[in-house]
Amino acid sequence: MKLARRLDRLPPYLFVEVNRRIAELRAKGKDVIDFGIGDPDLPTPSHIIERLCRAAHDPANHRYPETDGLPELRRTIAEWYKKRFGATLNPAKEVLPLVGSKEGIGHMALCFIEPGDLALVPDPGYPPFSLGTILAGGEPYSMPLKEENDFLPDFEAIPGDIADRARLMWLNYPNNPTGAIADLGFFEKAVHFARRHSLAICHDAPYTEVTFDGYRAPSFMQTPGAKDVGVEFHSLSKTYHMTGWRIGMVVGNTDMVNALSRVKSNLDSGVPQAIQYAAVEALRGSQEHIAKHNVVFQRRRDKLVTVLNEVGLKARMPKATFYVWAKIPPDYTSMEFAKKLLDEVAIAVTPGTGYGKEGEGYIRFSLTISDDRLEEGVNRLSSWHWRRR
Ligand SMILES: Cc1ncc(COP(=O)(O)O)c(C=O)c1O
C-alpha cells in the first residue's frame, strides 16, 4: 500500500503530546479541566430539536438531499443575512448550504488552488485554511496577526509579487484563536487589496453572534464590492449550539458559490434534510437564547481574564468569540507552558503554535466548559505560583 505524498505534507498533529499527557493524568485519577475544546457546552435550543425530530419522522427526508440544499433553506439564509446585516443575497445563486463551514472551507481550496499556487492565510489561524491549501497541492503564505496591530493582518507588508501570485486570501473575524474583531473599514481595505492583486477573498465568520459588552460584529457582505471579490462562510454551530448537527453556509460571489457547488456535487450529497429544516427553524425562530448564552460566556470571560491578568498571564478582554488568547512569559515556549499548566494544576489549554508559528508565546483558553468547572479552573489558576518554581 502506498499513500499519496500529499499526506506527508500535512504538519504533525501538535496536540498528540498534550492529549497523551491528559490521558496519562486522567488514568492516574487526576481531575483534568479541559479548556482546550471550542465546542459549546450549552445545548441546542429545544424548539430547533423539536423541528428536527418532526422532520426526521417525515419519509420525504429519508432520501438523498439535493447538494444545493432546500430552496426554503437558501431563502431563509438570504432573509437572515438581510435582517441581521442588511445584506442582499440572491438565494438561487449566492447562497449554498454546507455540511458545516469546515467542509466548505476545505473544498474551496480545490476550486482555486493548483499545485504550487499560494493562498494567504492568517497566522495564527484556524488550521483548515492552510491544511485545505496543502491538500490541494498549494502553499499557504502566512499573514502574521500581531498584537500591536490588534491581530489584523498588515496588507502593506505582503510583498507585491506574493500577492500577485496568491489565488485566495483567508480572513476570519471575530477571530479564532485571538478573539480579535474587525470593522467595515478593514473589510474595505481587503476588497481594495483583492482587486489590486486579482485574488479572491474567503471571509470566515462563524462567531458574529457570539459577542459581548453590546458589540455587534459586521459581516464582510456589508462591504461595498465584497460580492465582486469574495464569499463569506458562516455556520449554525456556534450561534445555535449545533456543532454536532453539521450545518453551515457560504454566501456571496456567484462564480465562487457555483464553483464550490460543482466540487461538492461530486464529493458529497448535501446536508441531511431533517437538519436543513432544523436550520430553517433556527434562523427564523426565536433568537432569544443568543443573548442569554452570551451572558453566560461573558460572565465566564470576565472571571477567567481577570484571574489570568492577576497571575501575570496577560490577556485582552475579547469582545467576541468564546476564546481567550493569553500571553505567556518569554522564558517558555507555548508547548512547554501548556505542559507546565497540565502537570502543575491539571489544566489543559491549546498551545498557540497549534495555530501557526506566530502563535508562539500564547496559549488559548476556551470558555465552553460548565460554570462550575470554570470556577474550579479559575481557583486553581489564582493559587498557582508558577513564577517561583
Ligand atoms: C474560525 C472557524 N471557522 C470554522 C469553524 C468550523 O465550524 P463548523 O462547525 O461550521 O464546521 C470553526 C470551529 O471551531 C472555527 O473556529
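Undergrad: Any details on the pairing of strand E8 (residues 248-252)? Residues and values, ideally.
TA: The buried fraction of E8 is high, at five of five residues. The alternating pattern of E8 places Gly248, Val250 and Gly252 on one face and Met249 and Val251 on the opposite face, and all of these are buried.

Undergrad: Can you explain the pattern of salt bridges? Please cite residues and give values.
TA: With the rule as written, the count across this model stands at 28 salt bridges. In this structure, Arg196 engages Glu156 in a salt bridge whose closest nitrogen and oxygen atoms are separated by 3.8 Å. Residue Arg196 is located in helix H7 (residues 184-197), and its partner Glu156 is located in the loop between strand E4 (139-144) and helix H6 (160-165); the two are separated by 40 residues in the primary sequence. On the basis of relative accessibility, which here comes to 61%, the residue Glu156 falls in the exposed class. Linked through salt bridges whose partners overlap, the residues forming this network are Arg20, Arg21, Glu24 and Asp343.

Undergrad: Mind laying out the sheet that holds strand E11 (residues 350-351), listing which residues take part and the relevant values?
TA: The sheet built from three strands is open, its strands ordered E9-E12-E11 with antiparallel pairing. Looking along the sheet, the strands with just one partner apiece sit at the ends: strand E9 (323-327) and E11. In this sheet, strand E12 (residues 362-366) lies alongside E9 in antiparallel orientation, the contact comprising five bridges. Across the sheet, the residue bridging to Lys327 is Tyr362, located in E12. Along the sheet face, helix H11 (residues 288-310) touches E9 and E12 and points at about 5 degrees away from the line of E9.

Undergrad: Can you tell me about the site of the ligand, naming the residues and giving the values?
TA: Around the ligand lies a shell of 13 residues, among which Asp204, Tyr207, Ser235, Ser237 and Arg246 are the nearest. For the ligand, a nitrogen atom lies 2.5 Å from a polar atom in the side chain of Asp204. The side chain of Ser237 places a nitrogen or oxygen atom 2.6 Å from an oxygen atom of the ligand. Against a free-state accessible area of 400 Å², the protein chains account for coverage of 92% of the ligand. Class assignment for the residues of the shell around the ligand results in three nonpolar, six polar and four charged.

Undergrad: Outline the sheet that holds strand E5 (residues 166-172), listing residues and values.
TA: Spatially, E2-E8-E7-E6-E5-E3-E4 is the arrangement adopted by the seven strands of the open sheet, whose pairing is mixed. The open sheet terminates on both sides in strands that have one partner only, identified here as strand E2 (95-98) and E4. Between one strand and the next, the sheet's axes are offset by a mean angle of 25 degrees, whatever the strand orientation. Strand direction decides the pairing type here: strand E3 (residues 118-123) and E4, joined by six bridges, are parallel. Across the sheet, residue Pro122 finds its bridge partner in E4, namely Met143.

Undergrad: Go over the side chain of Asp204, please, and point to the residues and values.
TA: Following the sequence through the fold, Asp204 ends up in strand E6 (residues 200-204). Within the buried set, Asp204 has no salt-bridge partner at all; the shortest N-O distance to an opposite charge, 8.8 Å, is to Lys238. When sequence neighbours within four positions are dropped, the list of residues in contact with Asp204 reads Ser101, Ile105, Tyr126, Phe129, Leu171, Asn172, Tyr173 and Phe233.

Undergrad: Break down helix H13 (residues 371-382) for me, with residues and values.
TA: One full turn of an α-helix is made of 3.6 residues, so residues set three or four places apart face in the same direction. The terminal C-alpha atoms of H13, which comprises twelve residues, lie 16 Å apart, in line with the 16 Å expected from a rise of 1.5 Å per residue. Every buried residue belonging to H13 is among Leu374, Gly377, Val378, Arg380 and Leu381, and all of these are buried. The buried residues of H13 all sit within an arc of 160 degrees when viewed along its axis, so they share a single face. Where H13 is buried, its residues touch strand E1 (33-34), H11, helix H12 (334-345), strand E10 (347-348) and E12.

Undergrad: Outline the packing of aromatic side chains, supporting the account with residue identities and numerical values.
TA: Scanning all chains against the criterion turns up 21 aromatic pairs. Here Tyr81 and Phe85 contribute two aromatic rings whose centre-to-centre distance is 5.3 Å and whose plane-to-plane angle is 45 degrees, an arrangement assigned as tilted. Of this pair, Tyr81 and Phe85 both sit in helix H3 (residues 71-85), four residues apart, which is roughly one turn of that helix. Classification of Tyr81 by relative accessible area gives buried; the value is 0%. Measuring from centroid to centroid gives 5.5 Å for Tyr207 and Phe322, while their planes differ by 90 degrees, and the two rings are edge-to-face. With Tyr207 in the loop between E6 and helix H8 (226-229) and Phe322 in the loop between H11 and E9, this residue pair connects regions lying 115 residues apart in the sequence. Comparing Tyr207 with Phe322 shows no difference in burial state: the two are buried. Within the aromatic cluster, the residues linked to one another by ring pairs are Phe155, Tyr173, Phe186, Phe187, Phe193 and Phe220.

The rules behind each value
- Residues numbered from 1 in each chain as written.
- Predicted model: local features only at pLDDT ≥ 70, side-chain atom pairs only at ≥ 80, totals over all residues.
- Heavy atoms only, no water.
- Buried < 20%, exposed > 50% of the residue type's maximum accessible area, 1.4 Å probe, protein only.
- Helix = DSSP H or I, 4+ residues; strand = E, 2+ residues; numbered from the N terminus.
- Salt bridge = Lys/Arg side-chain N within 4 Å of Asp/Glu carboxyl O.
- Pairing = 2+ DSSP bridges.
- Contact = heavy atoms within 4.5 Å.
- Axes fitted to C-alpha atoms, helices over the stretch in contact; angles between N-to-C directions.
- Near = heavy atom within 4 Å.
- Polar contact = N/O pair within 3.5 Å; in protein donor to acceptor, adjacent residues only side chain to side chain.
- Areas by Shrake-Rupley, 256 points an atom, 1.4 Å probe, with all protein chains shown as cover.
- Nonpolar A, V, L, I, M, F, W, Y, C, P; charged D, E, K, R; others polar.
- Lys, Arg positive; Asp, Glu negative; His and termini not counted.
- Expected span 1.5 Å × (residues − 1).
- Arc of directions from axis to C-beta.
- Phe/Tyr/Trp six-rings, centres within 6.5 Å; stacked < 30°, edge-to-face > 60°.

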